[in-house]
Amino acid sequence: QVQLVESGGGLVQAGGSLRLSCAASGGTFSSYAMAWFRQAPGKEREFVSAISWSGGSTRYADSVKGRFTISRVNDKNTVYLQMNSLEPEDTAVYYCAGRVRSIATIPAAFGSWGQGTQVTVSS
């Protein structure tokens, strides 16, 4: 299993932007579909965005469409989540996840997880 480490979280005002990064090691990153999930206090982990192994296919939750962009650079073993027009409702711990082969949007489909990075959006 690939090991994942997220970074880039922090405190930002509503309307601001952050870019999360997820660095992978210990596996063949280019064979992994990757995704971002988030979990707010007292809520279940929810899907945010996913990208295929090649980067040619992406998925977004309706709540972030048009505001968030997922991308990856396989040569750098890194996946990114650019978050613009942030809202207080985006406050959560953001997790990076990976799975071999096809893109997926449910947590149970992913076997590799990072430790999470906190994103806090103030109003």
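Because the structure is a prediction, the values reported are computed rather than measured.

Reading the values: rules and limits
Residues numbered from 1 in each chain as written. Predicted model: local features only at pLDDT ≥ 70, side-chain atom pairs only at ≥ 80, totals over all residues. Heavy atoms only, no water. Core = buried A, V, L, I, M, F, W, Y, C linked by side-chain atoms within 4.5 Å. Buried < 20%, exposed > 50% of the residue type's maximum accessible area, 1.4 Å probe, protein only. Helix = DSSP H or I, 4+ residues; strand = E, 2+ residues; numbered from the N terminus. Contact = heavy atoms within 4.5 Å. Salt bridge = Lys/Arg side-chain N within 4 Å of Asp/Glu carboxyl O. Polar contact = N/O pair within 3.5 Å; in protein donor to acceptor, adjacent residues only side chain to side chain.

Student: Account for the nonpolar core, with residues named and values stated.
Tutor: Grouped together as the largest cluster of nonpolar side chains are 34 residues, with contacts concentrated most on Met34, Trp36, Phe68, Val79, Leu81, Met83 and Tyr94. Elements supplying a minimum of two residues to this core: strand S3 (18-25), strand S4 (32-39), strand S5 (46-51), strand S7 (68-73), strand S8 (78-83), strand S9 (92-100) and strand S11 (117-122). At 5 residues, S4 tops the list of elements feeding residues into this core.

Student: Talk me through the environment of alanine 33; I want residue IDs and the actual numbers.
Tutor: Relative to the helices and strands, alanine 33 resides in strand S4. Remark: the alpha-carbon pair of alanine 33 and glycine 66, spanning 33 residues in sequence, is separated by 21 Å. The contacts of alanine 33, once residues within four sequence positions are left out, are Ile51, Ser52, Trp53, Arg72, Ala97, Gly98, Arg99, Arg101, Ser102, Ile103 and Phe110.

Student: Can you tell me about the pattern of salt bridges, naming the residues and giving the values?
Tutor: Taken as a whole, this structure holds 5 salt bridges when the rule is applied. In this structure, aspartate 90 and arginine 38 form a salt bridge, with 2.9 Å as the shortest nitrogen-oxygen distance. You can see aspartate 90 sitting in the loop between S8 and S9 and its partner arginine 38 sitting in strand S4, a full 52 residues away along the chain. As a salt-bridge pair, glutamate 87 and arginine 67 come within 3.9 Å of each other at their nearest N and O atoms. Of this pair, glutamate 87 sits in the loop between S8 and S9 while arginine 67 sits in the loop between strand S6 (58-60) and S7, and the two are 20 residues apart along the sequence. Taken together, the shared-partner salt bridges connect Arg38, Glu46, Arg67, Glu87 and Asp90 into one network.

Student: An account of the side chain of threonine 78 is requested, with residue identities and associated values reported.
Tutor: Topologically, threonine 78 is positioned in strand S8. Residue classification places threonine 78 among the buried positions, given a relative accessible area of 10%. For threonine 78, the side chain forms a polar contact with the main-chain oxygen of lysine 76, separated by 2.7 Å. Here threonine 78 is in contact with Ser21, Cys22, Ala23, Phe29, Arg72 and Val73, once residues within four sequence places are set aside.

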